[in-house]
Amino acid sequence: MSRRLVIAAAQLGPIARDEPRSDVVARMVGLMRTAAGRGAELVVFPELALTTFFPRWFMEDQTEIDRFFETEMPSSETLPLFNAAKDLGVAFSFGYAEKTVDETGKTRRFNTSILIGSDGEILAKYRKIHLPGHNEHEDWRPFQHLEKRYFEVGDMGFPVSEALKCRIGMCICNDRRWPETFRMLGLQKAELVLLGYNTPVHYPPAPDHDHLQDFHNHLCMQAGAYQNGTWVVGVAKAGCEEGCDLIGGTCIIAPTGEIVAKCATLGDEVIVAECDLDRCREIQDNIFNFAHHRQPDQYGLLTEKISS
Ligand code: CDT
């Protein structure tokens, strides 16, 4: 069986606060068709792909907040995505705000990504673990980043699934900045990491770093790919969304850490690369052969809780 997978990264441009789900889904279906026309077998969309990046606003009214959440997947509004994927014979992944009720009857809200097969079945799910930002309104900021207010820390760990001829893991936006994320996936022999993001150009706590946002984006994803010998597909929601500039830089990264395809715009755009999954061996069997070279006995601090 061929171990080559043709992967598309489908970057989304801005989504307005009042943009109906149906419009966004139509845009995504259009990108999926473009990707399939270019031979893609898997199409990767960004974090919180169905709505504007709502954590930039402080809200207290839970009804207003819940308008940005999905209570079923697929729903009547998202079903066209699943149907298009089946028609086109492509798998796809995207992020959304998930509202669910657990077995004890408690309502839970997560920043979630799913992977869907070309038969329309959900193959894997991940709930974001590293939630950036803050809990309460902070007056001094030009815009808020309230992921800690609106979401719980993911409760699924970092799963890696056998799917689409390979071992696939997912993570979401801020997760990519943490080497622990990629190492958790790497230790499970991930060969492909799917990753969506919404990253403002302006970082209010350290505005001197604004000009480094694109650099840091690629730095951490390329390092994650190389240090774990895995393909990485990083997909942005980009452009000026409700007055807030988001970086682009959507790209597909080889296990050597090299970018093999990259978006050139800040709008809706598709890039495609043929990814040879066996290339993971070049790294995983050699420089980062964990069984031969890792020294976990020396890494105790990594799992200790440090109080200061
Ligand atoms: N969505 C998301 O996680 N964004 C963050 C923004 C910086 S932290 C306020 C990121 O890490 O890109």
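Residues numbered from 1 in each chain as written. Predicted model: local features only at pLDDT ≥ 70, side-chain atom pairs only at ≥ 80, totals over all residues. Heavy atoms only, no water.

Colleague: Outline the UniProt feature "domain: CN hydrolase" (unreviewed entry) in the chain, listing residues and values.
Modeller: When the UniProt feature table is mapped to this numbering, "domain: CN hydrolase" (unreviewed entry) covers residues 5-277. For residues 5-277, the helix share is 22%, the strand share is 30%, and the end-to-end C-alpha distance is 7 Å. (UniProt positions renumbered as here; feature names shortened; annotations may be inferred. Helix = DSSP H or I, 4+ residues; strand = E, 2+ residues; numbered from the N terminus.)

Colleague: Lay out the sheet that holds strand 7 (residues 160-163) with the relevant residues and their values.
Modeller: Pairing between the strands of a sheet is mediated by backbone hydrogen bonds and can be parallel or antiparallel. With mixed pairing, the six strands of this open sheet are ordered in space as 7-8-9-10-13-14. The two strands at the open ends of the sheet, each matched to only one other strand, are strand 7 and strand 14 (259-262). Averaged over neighbouring strand pairs, the angle between their axes works out to 20 degrees when direction is ignored. The sheet contact formed by strand 9 (residues 192-197) and strand 10 (residues 231-236) spans six bridges and is parallel. Each residue of the ladder has a partner; that of Leu194, found in strand 10, is Val233. Strands in contact with helix 6 (residues 213-228) are strand 9, strand 10, strand 13 (251-253) and strand 14; relative to strand 13, the strand with the most contacts, it is inclined by about 30 degrees. (Pairing = 2+ DSSP bridges. Axes fitted to C-alpha atoms, helices over the stretch in contact; angles between N-to-C directions. Contact = heavy atoms within 4.5 Å.)

Colleague: I'd like a description of unusual backbone geometry, backed by residues and values.
Modeller: Between Met73 and Pro74 the backbone carries a cis peptide bond, its omega angle lying at 0 degrees. With respect to the helices, strands and loops of the structure, Pro74 is situated in the loop between strand 3 (69-70) and helix 3 (79-88). Even without glycine at this site, Cys173 takes up a positive phi of about 40 degrees. By the element assignment, Cys173 lies in the loop between strand 8 (166-172) and helix 5 (179-186). Overall, Cys173 belongs to the buried group, its relative accessible area being 5%. With a phi angle near 50 degrees, Glu242 is a residue other than glycine that sits in the positive phi range. Position of Glu242 among the secondary structure elements: in the loop between strand 11 (239-241) and strand 12 (244-246). (Buried < 20%, exposed > 50% of the residue type's maximum accessible area, 1.4 Å probe, protein only.)

Colleague: Describe the nonpolar core, naming the residues involved and giving the relevant values.
Modeller: Of all hydrophobic cores here, the largest spans 47 residues; its most connected members are Leu42, Leu192, Leu194, Val233 and Ile252. Ignoring anything within four residues of it in the chain, the contact list for Leu42 reads Leu5, Val6, Ile7, Ala8, Ala91, Phe92, Leu115, Leu164, Leu192 and Leu194. By size, the runner-up hydrophobic cluster in this structure holds 28 residues, among which are Ala10, Leu12, Leu81 and Ala84. (Core = buried A, V, L, I, M, F, W, Y, C linked by side-chain atoms within 4.5 Å.)

Colleague: Tell me about the side chain of Ser161, residues and numbers included.
Modeller: Note on placement: Ser161 falls in strand 7. Excluding anything up to four places from it in sequence, Ser161 contacts Leu123, Ala124, Cys166, Arg167 and Ile168.

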